[in-house]
Amino acid sequence: MSQMPQLPQLSACPTCEEPPQSGDRYCDSCGADLTAAAPPPGTAPAGSPPAGSAAPEPEDYPLAAPAPAAGPPGGAASGAPGAPGAAEGPGGGADPRLNGGAGRPRCVACQEGTIDQDGYCEHCGHAQARERDHMERELEGVAAASDRGLRHHRNEDAFSVSAAALPDGSPAVVAVVCDGVSSATRPDDASAAAAHAAEVSLHASLPRGAHPQQAMNEAIVAAAEAVNSLALEPGSAAHEEQLQRHQNAPACTIVSAVVTPGILTVGWIGDSRAYWVPDDRTTPAARLTEDDSWAAQMVAAGLMSEAEAYADERAHAITGWLGADAYELDPHTASFKPDRPGVVVVCTDGLWNYAESAEEMALAVPPDARSRPLHSAQVLVGHALDGGGHDNVTVAVVPFPAPQGRAGSA
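A brief look at the structure comes next. (Residues numbered from 1 in each chain as written. Predicted model: local features only at pLDDT ≥ 70, side-chain atom pairs only at ≥ 80, totals over all residues. Heavy atoms only, no water.)

A short note on the overall build of the protein
Regarding its fold elements, the protein presents nine helices and 13 strands. When burial is assessed residue by residue, the protein has 53% of its 410 residues classed as buried. Relative to all contacts within the protein whose residues are 6 or more apart in sequence, the contacts with residues 24 or more apart total 67%. Counting only carbon and sulfur atoms, one obtains 50% of the accessible surface of the protein, whose full area is about 16900 Å². (Helix = DSSP H or I, 4+ residues; strand = E, 2+ residues; numbered from the N terminus. Buried < 20%, exposed > 50% of the residue type's maximum accessible area, 1.4 Å probe, protein only. Contact = heavy atoms within 4.5 Å. Areas by Shrake-Rupley, 256 points an atom, 1.4 Å probe, with all protein chains shown as cover.)

Written out as structure tokens, the structure is:
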């Protein structure tokens, strides 16, 4: 997730009086919106943060040693995020016998207030569990998991995993991962719209015989159009701003992988990544994508080493994203022909902040990842949470080559 502008800081939460941590937008104790009570900033940058304009997050992302193999926290919701516009209920935990006004459930924390449409208690401000807080999905040849993390009030990541049939009947396995830009409006809707549109596009083009790289390019363009359309929806909170250069329009990053029996294809815009991790860990792993970020630009220009660039407070300012206020649409695609079996790890920066290099990612991926992709996705999410969970965490694990079983849409 890209960096967010610095917000005025309160000394205590207006609801529960707990002191917030520096940079928090929501109270860690009760979930109250701290920005609503904070004084208006003097000058705050608007829109998705291009390089050089985003303020630093309050803490760095220290790398942690790989966590022991363990499942994620309980309460997992099975399934990928739905298409944009799907309603999210306030979620589990509430006793169905304790209904509030208009049939709305009561708060799981205070048992008094009812839940508003954003999933917060109208009495105490406590955030309720949402379907997207933790999601998992597994199909033959691919699995993914997503978690809200430990610091954010909602999950702004989204994913889609599926399988399609190529013209010769062989399978093509698809994984799409998107990360909403927090400083933009409706980042959760943006990521869901992009993941859904990319999946639909790939399922239309791959069975027609399009080369996976061309299909990937078309999918990213379709995802961008879906995100752009959110900015122009009548009645949206940002509609007036969209009429003025689409400032602060919904935005997200995207990374996707298509795996067939012989070819691995990736496509991306932003700083979400794909890694190659072979079964034989004596051979090197590899990062398959290059970030659209300030840090990557500094390294590419030879101005800083990778370690220096990613230690800088501007490192995570993105220079490419999907959204109506993006500078230009420049999809990146690449195809590979691995000579040995392994897995593709497709993830947001909520994971790779804790396993940045290809070597560190390979250490975090369980050795049986190709035969147990869902377990591996769970372990990787746990690795990020054990490391601090500063961001939403989403990862898809795609075995290579694609399984030779029955192909078809999922």
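From this point on, the discussion continues.
Thoughts on the packing of helix α2 (residues 187-205) against helix α3 (residues 212-231)
When two helices pack together, their arrangement is given by the angle between the helix axes and the distance between those axes. Relative to each other, α2 and α3 sit at 145 degrees, their axes nearing to 7 Å. For the crossing formed where α2 meets α3, the hand is right-handed. Each of Asp189, Ala190, Ala193, Ala194, Ala197, Ala198, Ser201, Leu202 and Ser205 in α2 lies in contact with α3, whose residues at this interface are Ala215, Met216, Glu218, Ala219, Ala222, Ala223, Ala226, Val227 and Leu230. Across the contact of α2 with α3, the residue classes break down as 14 nonpolar, two polar and two charged. (Axes fitted to C-alpha atoms, helices over the stretch in contact; angles between N-to-C directions. Left-handed = near helix turned anticlockwise from the far one by under 90°. Nonpolar A, V, L, I, M, F, W, Y, C, P; charged D, E, K, R; others polar.)

Quick look at the packing of aromatic side chains
Throughout the structure, instances matching the rule amount to three aromatic pairs. Ring geometry for Tyr310 versus Trp352: centroids 6.1 Å apart, planes at 90 degrees, classification edge-to-face. Here the residue Tyr310 occupies a position in helix α6 (residues 306-311), and Trp352 occupies one in helix α7 (residues 349-352), the gap between them amounting to 42 residues. Ring geometry for Trp321 and Tyr327: centres 5.6 Å apart, planes at 55 degrees, overall tilted. With a relative accessible area of 3%, Trp321 lands in the buried category. (Phe/Tyr/Trp six-rings, centres within 6.5 Å; stacked < 30°, edge-to-face > 60°.)

Concerning helix α9 (residues 373-387)
The first and last C-alpha atoms of α9 sit 21 Å apart over 15 residues, in line with the 21 Å expected at 1.5 Å per residue. Among the 15 residues of α9, 14 are classified as buried, and the element is accordingly described as predominantly covered. The positive-phi residue at the C-terminal boundary of α9 is Gly388, with phi of around 145 degrees. (Expected span 1.5 Å × (residues − 1).)

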